[in-house]
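Report on the structure
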Amino acid sequence: QRLGLSSELSGPPGASVEVSLGRLTQELEKLLMYSNGEAVSRTAVEHLVPEEQVVIGLAVSDALVRKNRPRLYQVLSQYYLQADGGDETTRTLQLVGLLADQFRSLLLLHDALHRQMSEADIVQLTGWKPGRVFVLKKYVGSFRPEVLKSLLAKLESLDLELKTTNTPARAVLELVLAQAA
């Protein structure tokens, strides 16, 4: 199928965007499905395409769900290689915060679905974009609430440890996540 972009998204001729082919394919497929043959608007992109940081969290979640340790290590390696400043501990603390938010979101969504809330109600309650709910719903069934709570407790401990000691940040985070994969 052909994906049309509204004029507000097409940009000047020759404009380029640096993005991985896999992510580009995934985002375009999502937009194609959502647009149902119509031109994709800026609003649709803002609602459906997550920010890069969110993508890292989802990639880690995906690797954990699939029990795919090689993929988990690959995602983490890419994260540290694409560092835009900051030392390893700072980057790890950022990722710990991102993952904690991701796992809290999954726990919240798990509870909302258990209560049989509609997707619209979840969006209204949380303030999330519909695209975020759509993506999180793919993962929520793969994590038991007890596992999410355990991961959150470990991330909280790691956060405190990294802020108060000289622990090798990346190695400890990889160990915590590998135990869950």
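These lines cover the structure that appears in this document, whether it is placed above or below. (Residues numbered from 1 in each chain as written. Predicted model: local features only at pLDDT ≥ 70, side-chain atom pairs only at ≥ 80, totals over all residues. Heavy atoms only, no water.)

**Here's the deal with the overall build of the protein**
If you tally the helices and strands in the protein, you get 10 helices and 0 strands. Secondary structure elements of the protein occur, N-terminal to C-terminal, as α-α-α-α-α-α-α-α-α-α. Taking all 181 residues of the protein together, 35% fall into the buried category. A total of about 11,000 Å² of accessible surface is found on the protein, and carbon and sulfur atoms cover 52% of it. (Helix = DSSP H or I, 4+ residues; strand = E, 2+ residues; numbered from the N terminus. Buried < 20%, exposed > 50% of the residue type's maximum accessible area, 1.4 Å probe, protein only. Areas by Shrake-Rupley, 256 points an atom, 1.4 Å probe, with all protein chains shown as cover.)

**Thoughts on the pattern of salt bridges**
Per the counting criterion, the structure on display carries 7 salt bridges. Residue Lys-137 pairs with Glu-119 through a salt bridge whose shortest N-O separation is 3.2 Å. One end of the pair, Lys-137, is in helix 8 (residues 130-140); the other, Glu-119, is in helix 7 (residues 119-126), with 18 residues separating them in the sequence. (Salt bridge = Lys/Arg side-chain N within 4 Å of Asp/Glu carboxyl O.)

**Quick look at the environment of Ser-61**
Tracing the chain through its elements places Ser-61 in helix 4 (residues 52-65). Separated by 45 residues in sequence, Ser-61 and Leu-106 have C-alpha atoms that sit 9.9 Å apart. Filtering out sequence-adjacent residues up to four positions away, Ser-61 remains in contact with Gln-102, Phe-103, Leu-106, Tyr-139 and Phe-143. (Contact = heavy atoms within 4.5 Å.)

**With respect to the nonpolar core**
Grouped together as the largest cluster of nonpolar side chains are 40 residues, with contacts concentrated most on Leu-64, Phe-103 and Leu-173. Where this core is concerned, the elements lending two or more residues are helix 4, helix 5 (69-81), helix 6 (88-114), helix 8, helix 9 (145-164) and helix 10 (169-180). In terms of residue count, the dominant contributor to this core is helix 6 (9 residues). Contacts of Leu-64, omitting those with residues within four sequence positions, involve Leu-72, Phe-103, Phe-143, Leu-177, Ala-180 and Ala-181. (Core = buried A, V, L, I, M, F, W, Y, C linked by side-chain atoms within 4.5 Å.)

**Concerning unusual backbone geometry**
Look at Lys-67: it is not a glycine, yet its phi comes out positive at around 55 degrees. Inspection of the secondary structure puts Lys-67 in the loop between helix 4 and helix 5. For Lys-67, a relative accessible area of 56% translates into the label exposed. For Gln-116, which is not glycine, the phi torsion reads 60 degrees and is therefore positive. Relative to the helices and strands, Gln-116 is located in the loop between helix 6 and helix 7. On the accessibility criterion, Gln-116 (73% relative accessible area) is exposed.

**Some remarks on the side chain of Thr-92**
Tracing the chain through its elements places Thr-92 in helix 6. Exposure remark for Thr-92: the relative accessible area of 0% places this residue in the buried category. Discounting chain neighbours no more than four positions away, the residues touching Thr-92 are Tyr-80, Leu-162, Ala-169, Arg-170 and Leu-173.

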